Amino acid sequence: MQVAKTVREVRAWTKLARADGKTIGFVPTMGYFHEGHLSLMRRAKAECDLCVVSLFVNPTQFGPSEDFQRYPRDFARDAAMAESVGVDLLFAPEVEEMYPEGYQTYVEVTEVTRRLEGAARPGHFRGVATVCTKLFNIVQADRAYFGKKDYQQLKVIQRMVKDLNIPTEIVPCETVREPDGLAMSSRNVYLKPDERQAATVLYRALCAGRDAILAGERDAKKVKVLVEQVIATEPLVKTEYVDVADAETLEPLTDLQGEVLISLAARVGVARLIDNITVTVPD
Ligand code: AMP
């Protein structure tokens, strides 16, 4: 596995790869790898000749009171994990490489960013869209792999790639969970043992919402209240929002039909966790 710290190095590497006729699969990450990240890398490796991973804790997608400074980082561990699944190039730039002095260009996706995480974290998706545009231009991959764990992010990137004619195919990947259902996340390291146990309520609540829909519930409000009630049984978990939306547009629904997204954000100790589930409403 090669490690690149600069855009120049990546360009030189990808130029050779393309001259060789190789296809490139790309996985953008903020590091502190877990099985969710590795599943994306394995899939990229299986579907493309070469796999490029970026590891960059992107400051522009964190709000001023968020966890940019204390976001978990362990380069040696990440590099070993990436190498173990066959990653060919690990791009790990410093902040100054991505945002040198005088930097002033940002990408804004206006509609699909309005609700949910976009409303809870002003500026977050502007940072995500900007860094992904830069990374797509740097790597020029054939395909880029994104987890459904960050469902709205996936929709934002799909919209942006379409709108800006970025010639990289976006591949959505399933959420990887711990055996007890908790969605894997780098932020799970913030959880104390009792909080880690309490956090399992989030997936149970999403499953309760899904099961209610599969059992015939068509009132979005009732599904939302049910999910909230399940979470409320856990005193260590504070719900920030529970939302029931159209899975394509992310617009809120009243009567459920088609493909539905149930998504949530919650505080568990110092950790802010998000999770979601999609349900196809039976006819
Ligand atoms: P992050 O490092 O958290 O920015 O995530 C990098 C990529 O990994 C994003 O596309 C995430 O959606 C994806 N990802 C994070 N957690 C999971 C998970 N539990 N299952 C699948 N993909 C994930």
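Residues numbered from 1 in each chain as written. Predicted model: local features only at pLDDT ≥ 70, side-chain atom pairs only at ≥ 80, totals over all residues. Heavy atoms only, no water.

## What about helix H9 (residues 201-214)?
Under the 1.5 Å per step criterion, the end-to-end length of H9 is 20 Å for 14 residues, consistent within 8% with the ideal 20 Å. Burial in H9 covers these residues: Val201, Leu202, Ala205, Leu206, Cys207, Gly209, Ala212 and Ile213. Those residues of H9 that are buried are in contact with helix H8 (193-198), helix H10 (220-232), strand S7 (237-246), strand S8 (259-268) and strand S9 (271-280). Downstream of H9 by one or two residues, Gly216 has phi in the positive range, about 120°. (Helix = DSSP H or I, 4+ residues; strand = E, 2+ residues; numbered from the N terminus. Expected span 1.5 Å × (residues − 1). Buried < 20%, exposed > 50% of the residue type's maximum accessible area, 1.4 Å probe, protein only. Contact = heavy atoms within 4.5 Å.)

## Brief notes about the site of the ligand
In the neighbourhood of the ligand, 18 residues make up the surrounding shell, with Met30, His37, Asp150, Val176 and Met184 lying closest. Here Gly147 contributes a backbone N or O atom positioned 3.0 Å from an oxygen atom of the ligand. For the ligand, whose accessible area on its own is 490 Å², the fraction buried by protein is 92%. The leading source of residues in the shell around the ligand is helix H2 (residues 35-47), at three residues. Of the residues assigned to the shell around the ligand, the class counts are seven nonpolar, eight polar and three charged. (Near = heavy atom within 4 Å. Polar contact = N/O pair within 3.5 Å; in protein donor to acceptor, adjacent residues only side chain to side chain. Areas by Shrake-Rupley, 256 points an atom, 1.4 Å probe, with all protein chains shown as cover. Nonpolar A, V, L, I, M, F, W, Y, C, P; charged D, E, K, R; others polar.)

## Overview of the packing of aromatic side chains
Applying the stated criterion across every chain yields a total of seven aromatic pairs. On the basis of an interplanar angle of 65° and a centroid distance of 5.4 Å, the ring pair of Phe62 and Phe68 is categorised as edge-to-face. Just as Phe62 is buried, Phe68 falls in that class too. An angle of 75° between the planes, with centres 5.9 Å apart, marks the rings of Phe62 and Tyr71 as edge-to-face. Here Phe62 and Tyr71 have matching classes, each one buried. One aromatic cluster is present, built from ring pairs that chain together Phe56, Tyr99, Tyr103 and Tyr106. A cation over an aromatic ring shows up here: Lys5 above the ring of Phe75, its NZ or CZ 5.8 Å from the ring centre. Against the face of Tyr32 rests Arg77, its NZ or CZ located 4.5 Å from the ring centre. (Phe/Tyr/Trp six-rings, centres within 6.5 Å; stacked < 30°, edge-to-face > 60°. Lys NZ or Arg CZ within 6 Å of the ring centre and 35° of its normal.)

## Thoughts on the pattern of salt bridges
Evaluation of the coordinates by the stated rule reveals 21 salt bridges. Between Arg42 and Glu35 there is a salt bridge, and its shortest N-O distance comes to 2.6 Å. On the basis of relative accessibility, which here comes to 41%, the residue Arg42 falls in the partly exposed class. Lys148 is paired through a salt bridge with Glu174; the nearest N and O atoms lie 2.6 Å apart. Taken together, the residues span a long stretch of sequence, with Lys148 in the loop between strand S5 (143-147) and helix H7 (151-163) and Glu174 in the loop between strand S6 (169-173) and H8 at a distance of 26 residues. Among the residues examined, Glu174 registers a relative accessible area of 56% and is labelled exposed. Members of the salt-bridge network, linked through shared partners, are Glu117, Glu240, Arg267 and Arg272. (Salt bridge = Lys/Arg side-chain N within 4 Å of Asp/Glu carboxyl O.)

## Quick word on the domain arrangement of the protein
Here the protein is partitioned into domain 1 (2-173) and domain 2 (186-275). Contacts between the two partners involve 20 residues from domain 1 and, on the opposite side, 20 residues from domain 2. When domain 1 packs against domain 2, the two sides together hide about 1,700 Å² of surface, and 50% of this comes from carbon and sulfur. Considering only the surface of domain 1 that becomes buried against domain 2, Arg115, Leu116 and Tyr151 emerge as the three largest contributors, covering 32% of it. Our count for the domain 1 to domain 2 interface comes out at four salt bridges. In this structure, the salt-bridge partner of Glu248 is Lys155, at a minimum N-O distance of 3.3 Å. Linking domain 1 to domain 2 there are 12 residue pairs in polar contact (both at pLDDT 80 or more). Those elements that provide at least two residues to the side of domain 1 that touches domain 2 are helix H5 (117-120) and H7. Ranked by residue count, the leading element in the side of domain 1 that touches domain 2 is H7, at three residues. In terms of residue class, the side of domain 1 that touches domain 2 is made up of eight nonpolar, four polar and eight charged. (Domains from an automatic or database assignment. Buried area = accessible area lost by both parts, 1.4 Å probe.)

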